[in-house]
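# Structural characterization, general
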Amino acid sequence: MAGTLSALTTRGRSFVAAGATAIACSFVLGERDLLRAGLLILALPLLSVLVVSRTRYRLTCSRRASPTRFAAGGEAQVNVLLENVSRLPTGILLVEDQVPYTLGGRARFVIDRIEPGGAREMAYRVRADVRGRYPVGPLTVRLADPFGLVELARSFSAADVITVTPAIVPLPAGRPTGSWTGGGESRARLVAGAGEDDVTPREYRHGDDLRRVHWRSTARRGELMVRREEQQWQTSGTLFLDTRRTAHWGDGPGASFEQAVSAAASIGLRLGREGLGLRYVTDEGVALAPSATFEGTLLDLLAVVRTSRSRSLRPGLAAVRETANKGDGLIVGVFGRLTPEDAREIAGAGHGTAARVAVIIGEEGADPEVARILRAAGWRIIPVSSAAALRTAWPDDGGRPGRPERTEAR
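All right, on to the overall build of the protein chain then. Summing up its helical and strand segments, the protein chain has 12 helices and 18 strands in all. Counting contacts in the protein chain only where the partners sit at least 6 residues apart, residues at least 24 apart contribute 69% of the total. Summed over all atoms, the accessible surface of the protein chain reaches about 21,600 Å², with 52% contributed by carbon and sulfur.

Along helix α8 (residues 294-304), the residues that are buried comprise Phe-294, Leu-298, Leu-299, Leu-302 and Ala-303. Angular distribution of buried residues about the axis of α8 spans 165 degrees; they occupy a single face of the element.

With that out of the way, let us pick up the layout of surface pockets. In this model, the second largest pocket occupies a volume close to 240 Å³. Taken together, 14 residues make up the lining of the second largest pocket; nearest its centre are Ala-72, Asp-129, Ala-167, Pro-253 and Glu-258. Here the lining of the second largest pocket is composed, by residue class, of 8 nonpolar, 3 polar and 3 charged.

Glancing now at the environment of Leu-241. If you trace the backbone, Leu-241 turns up in strand β13 (residues 236-241). Excluding anything up to four places from it in sequence, Leu-241 contacts Ala-260, Val-261, Ala-264, Tyr-280, Val-281, Thr-282, Asp-283, Leu-302 and Val-334.

Turning our attention to the sheet that holds strand β9 (residues 151-155). On the basis of which strands lie adjacent, the open sheet formed by 4 strands has the order β5-β4-β8-β9 and antiparallel pairing. At either margin of the open sheet sits one strand with a lone partner, and together these are β5 (107-111) and β9. Neighbouring strand axes in the sheet, compared pairwise and without regard to direction, differ in orientation by 20 degrees on average. For strand β4 (residues 93-97) and β5, the ladder comprises 5 bridges, and the chain directions are antiparallel.

Rules used in this analysis
- Residues numbered from 1 in each chain as written.
- Predicted model: local features only at pLDDT ≥ 70, side-chain atom pairs only at ≥ 80, totals over all residues.
- Heavy atoms only, no water.
- Helix = DSSP H or I, 4+ residues; strand = E, 2+ residues; numbered from the N terminus.
- Contact = heavy atoms within 4.5 Å.
- Areas by Shrake-Rupley, 256 points an atom, 1.4 Å probe, with all protein chains shown as cover.
- Buried < 20%, exposed > 50% of the residue type's maximum accessible area, 1.4 Å probe, protein only.
- Arc of directions from axis to C-beta.
- 1 Å grid on protein atoms, 1.4 Å probe; cavity = no way out; pocket = protein on both sides within 12 Å on 5 of 7 lines; lining within 4 Å.
- Points joined across faces, edges and corners; volume = space filled by probe spheres on them.
- Nonpolar A, V, L, I, M, F, W, Y, C, P; charged D, E, K, R; others polar.
- Pairing = 2+ DSSP bridges.
- Axes fitted to C-alpha atoms, helices over the stretch in contact; angles between N-to-C directions.

The following block contains the structure:
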């Protein structure tokens, strides 16, 4: 009885109440005609429940999101295909795909009829400004009778996941080298300083970046030649993210932690596309080792990373120290608020000839004492107020900080 009443709509319950009232009044007043009318009114919603509950549609559902991963502030399109694989046509179907409020709320559709063997495709768009992993689905189909007295819900079990990554800031091509950071020497700098005519080219191989084509040698040899400067000495590196709750402040997309995560994602993608074998480390230790799928896995991790309760950087800096002890390499750290004690720990983990860059998120920039300690240890400091400001502070191909792009009016 409870299940039957839950299937009735407001209109159906009103019919049941009216029929029961008419039957009760017929006994009090002794009116047989009123009894017949009450029975008819009461029977209509009950018969509708019986018909709808015995309806056995065989429906299949498939869902496709494009893309399944996008940056915060972007959007994706979700296509849902509903097929009727039974021999009977369906009636009116109310279709609803469960979508989190962050992605825009539920997607609802009304389908009048699906013929046997037919299909209907529905599409809707989702958008998110907050990173994370969000389930989409399952699809719920509500069966209704023509009078609108009964509505039964049948739900599929399959659901998909959409990953919203941190906002990605496009950075200039290039990577910090030892010459730019003030410590060490790089073969890339020696090649660039020798002049383009002195670069030793080699034959073009499948997969080489066309931006490395050496046109003078190509014209002289009659075949494509590429520069060897892509084989830089910095073949490995470490991306460090400070996730300590005490080092960050603010709430929402503008919070310092969200800006730090966005900066780490942007740097990781830029360096990964430069061919650098990176590993991702937080204050709690190594989170991701170098791999062929580093960029995608890094974005998945950063989509769900949260602040930690740790108060020390030592577990993560132990992994940074390993990179520094291997010799030439690259260490990029993204930090929030640092104390002089933190700076001394960071400085102690960066010995060697590895290029070291500290991106410090904060409106007021780095503390003067913190900056002095890090610079004395060979760290290059990039103070930025937000991840977007990193675009003009990151080095270009020549190893210098990038410049804002100039646009011309048309």
